[in-house]
Amino acid sequence: MLADLVKRSQPLAADAKLLVLGGGYSGRCLGSLARAMGTPVLCTRRSLDAAEADLLFDSNGQDQLDPAALEGVTHLLSTIPPDRDGNDPVLPKLLPTLRNLPLRWAGYLSTTGVYGDRQGGWVTEEDEPAPALDRSIRRLNCEAAWQRSGLPIQILRLPGIYGPGRSVLNGLQQGRARLIDKPDQVFCRIHVEDIAGACWHLMHRAEQGPSARPGNWTVVNVVDDLPAPTAELMRHAAALLGCALPPLEPFDQIVDSMSPMAQTFWSENRRVSNHRLCQELGYPLLHPNYRVGLQDCLNQDKLNPPDLPSPPRSTNG
Ligand SMILES: NC(=O)c1ccc[n+]([C@@H]2O[C@H](COP(=O)([O-])OP(=O)(O)OC[C@H]3O[C@@H](n4cnc5c(N)ncnc54)[C@H](OP(=O)(O)O)[C@@H]3O)[C@@H](O)[C@H]2O)c1
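**Observations concerning the overall build of the protein chain**
Tallying secondary structure elements over the protein chain gives 11 helices and 13 strands in all. Over its C-alpha trace the protein chain gives a radius of gyration of 20 Å, about what one expects of a compact globule, namely 20 Å for 317 residues. In terms of principal-axis extent, the alpha carbons of the protein chain reach across some 60 × 40 × 40 Å. Sequence separation of at least 24 residues holds for 80% of the intrachain contacts in the protein chain that already meet a minimum separation of 6.

Shown next as structure tokens:
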């Protein structure tokens, strides 16, 4: 629950002001935390009709962000993914404006996909990225652009994001979850509130003098403690919901019928370490594993039922 994060967080300095470029799922969660901690926030979205849209920013649109609207921004998070050509949509449009801000911390949400396939082995930030998929190559290109930006940047590499309204629980409830068994395959994940919590923690550390500044830890993996097979999660989620599991599908028997996108999802196997975030930088995870995280999703979904598409109709009436 966000309230738990708020309870254990310290406020930023009184002059802090946060700009979230891309107030989507993760961006809005950080925005809510900052507001609850008394820090003013500006969130951009591609439409001013979208929830919590303070400012319009669409890299493909005609309207430019007015630099006057960003006056006094001290902290920045960009959640905006690469464009189709592998370029960052933000920097070509906004870098001169961002460079004029009194920024003390800038975060960029990237992905652990940049590590490529590790055949189930562990990877840390010290390992050279080895992206094989086009989307991960594009992402590494954007990381490099942010690193060259001259801003006080920290790159946060994320695995699969889940949270209220966006978890395996919702997939099961809607009847669209598939129980796929691929022996020895694991995935890493992170609860959306731990993305917000980690950003907040890193912003704080950036205020605490040179040894705690981003330059020393430019890249940080933000993942939980427990890489695990998706089938294990699904069994746990079905038990929490008290519902039946979908039929077990052996990966080898269905791989040829999967979409190319789904095939790429299953083509890489790695365990991503959070040692830097949790031990060196001292961030305590709010949801250290999927068991804690899914229980939280269940509780929050009960309080605020997510607006999900209807489940498919049963064929036997
Ligand atoms: N989902 C995952 O499991 C996962 C895993 C690893 C990494 N990531 C990456 O982590 C970041 C945050 O993920 P998320 O799930 O929170 O993303 P999200 O909900 O899709 O939010 C992305 C934000 O980027 C904005 N945006 C997209 N294209 C834009 C453009 N051309 N110009 C301006 N704004 C643009 C969107 O605007 P609107 O609000 O108007 O839609 C949205 O606010 C993303 O970069 C994502 O690719 C995601």
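**Quick word on the site of the ligand**
Around the ligand sit 23 residues, and of these Gly-22, Gly-24, Tyr-25, Ser-26 and Arg-46 come closest. Considering each element in turn, the shell around the ligand owes the most residues, 3 residues, to helix α2 (residues 25–36). Each residue belonging to the shell around the ligand can be placed in one class, and the counts come to 9 nonpolar, 11 polar and 3 charged.

**What about helix α4 (residues 134–147)?**
Relative to the 20 Å expected for 14 residues at 1.5 Å per residue, α4 spans 20 Å between its end C-alpha atoms, a close match to the ideal helical length. Where α4 is concerned, the buried positions are Ser-136, Arg-138, Arg-139, Leu-140, Cys-142, Glu-143 and Trp-146.

**Focus on the sheet that holds strand β4 (residues 75–78)**
Spatial ordering of the open sheet is given by β3-β2-β1-β4-β5-β7-β11, a layout of 7 strands whose pairing is parallel. Only two strands of the sheet have a single partner each, and these edge strands are β3 (55–56) and β11 (219–221). Relative to β4, strand β1 (residues 18–21) runs parallel, the two sharing 4 bridges. Note that in β4 the partner of Leu-19 across the bridge is Leu-76. Against the sheet, helix α6 (residues 192–206) makes contact with β4, β5 (105–111), β7 (153–158) and β11, and its axis sits at roughly 145° relative to β5, the strand it touches most.

**A few points about helix α11 (residues 290–303)**
Each α-helix turn comprises 3.6 residues. Residues three or four places apart therefore point the same way. Compared with the 20 Å implied by 1.5 Å per residue over 14 residues, the 20 Å span of α11 between its first and last C-alpha is a close match. Where α11 is concerned, the buried positions are Tyr-290, Gly-293, Leu-294 and Cys-297. Take α11 and look down its axis: the buried residues cluster within an arc of 95°, on one side only. Away from its buried face, by an angle of more than 90 degrees, α11 presents the exposed residues Asn-299, Lys-302 and Leu-303. Lining the buried residues of α11 we find β8 (160–162), α5 (168–173), β10 (189–191) and α7 (230–241).

**What about unusual backbone geometry?**
Within the chain, Glu-52 stands out as a residue other than glycine whose phi angle is a positive 50°. Within the secondary structure, Glu-52 is located in the loop between β2 (41–45) and β3. Positive phi values are uncommon outside glycine, yet Gln-119 reaches one of about 50°. Assignment of secondary structure puts Gln-119 in the loop between β5 and β6 (122–123).

**With respect to the environment of Ala-238**
Take Ala-238: it is sitting in helix α7. Measuring from C-alpha to C-alpha, the distance between Ala-238 and Gln-173 comes to 9.2 Å, with 65 residues separating the pair along the chain.

**A short note on the nonpolar core**
With 58 residues, the main nonpolar core has Ile-195, Cys-199 and Val-222 as its most contacted residues. Looking at which element gives the most residues to this core, the answer is α6, with 9 residues. Those residues in contact with Val-222 that sit more than four places away from it in its chain are Leu-156, Arg-157, Leu-158, Ile-190, Asp-194, Ile-195, Ala-198 and Leu-277. Counting residues in each nonpolar core, the second largest holds 10 residues, with Val-168, Ala-177, Ala-237 and Leu-294 among its members.

**Brief notes about the packing of α2 against α6**
Interhelical geometry of α2 versus α6 gives an angle of 55° and a closest axis separation of 9 Å. The angle between α2 and α6 falls in the class oblique. Crossing of α2 against α6: the hand is right-handed. For the pair α2 and α6, the contacting residues are Tyr-25, Ser-26, Cys-29, Leu-30 and Leu-33 in the first and Val-192, Glu-193, Ile-195, Ala-196, Cys-199 and Trp-200 in the second. Looking at the contact of α2 with α6 residue by residue, the class counts come to 9 nonpolar, 1 polar and 1 charged.

What counts as what
- Sequence order as written defines residue numbering, which begins from 1 separately in each chain.
- The predicted nature of this model means local features are confined to residues of pLDDT at least 70 and side-chain atom pairs, given and counted, to a pLDDT of 80 or more, with totals for whole chains, interfaces and linings taken over all residues.
- Only DSSP runs of H or I with at least four residues qualify as helices, and only runs of E with at least two residues qualify as strands; both kinds are numbered from the N terminus onward.
- As a reference, a globule follows 2.2 Å times the number of residues to the power 0.38, and the radius of gyration itself is taken over C-alpha atoms.
- Here contacts are defined at the residue level, using C-beta atoms placed from the backbone and a cut-off of 7 Å between them.
- Using a C-beta atom placed from the backbone, a residue is described as near a molecule or strand when that atom lies within 6 Å of it.
- We call Asp, Glu, Lys and Arg charged. Ala, Val, Leu, Ile, Met, Phe, Trp, Tyr, Cys and Pro are nonpolar, and the rest, Gly among them, are polar.
- To estimate how far a helix should reach, multiply one less than its number of residues by 1.5 Å.
- To assign burial, the other C-beta atoms lying within 10 Å of each residue's own C-beta are counted, with C-beta atoms placed from the backbone; 20 or more indicates buried, 12 or fewer indicates exposed, and intermediate counts indicate partly exposed.
- When DSSP finds two or more bridges between a pair of strands, those strands are recorded as paired.
- Angles run from 0 to 180 degrees between N-to-C directions of axes, and those axes are lines fitted to C-alpha atoms, restricted for helices to the stretch in contact.
- It is the directions from the helix axis to the C-beta atoms whose arc is reported.
- Under the definition applied here, buried Ala, Val, Leu, Ile, Met, Phe, Trp, Tyr and Cys residues are grouped into a nonpolar core through C-beta atoms within 7 Å.
- Any angle from 65 to 115 degrees is called roughly perpendicular, while one under 35 is roughly parallel, one over 145 is roughly antiparallel, and all others are oblique.
- Throughout, a crossing is termed right-handed when the near helix is turned clockwise from the far one, and left-handed when it is turned anticlockwise from it by less than a right angle.

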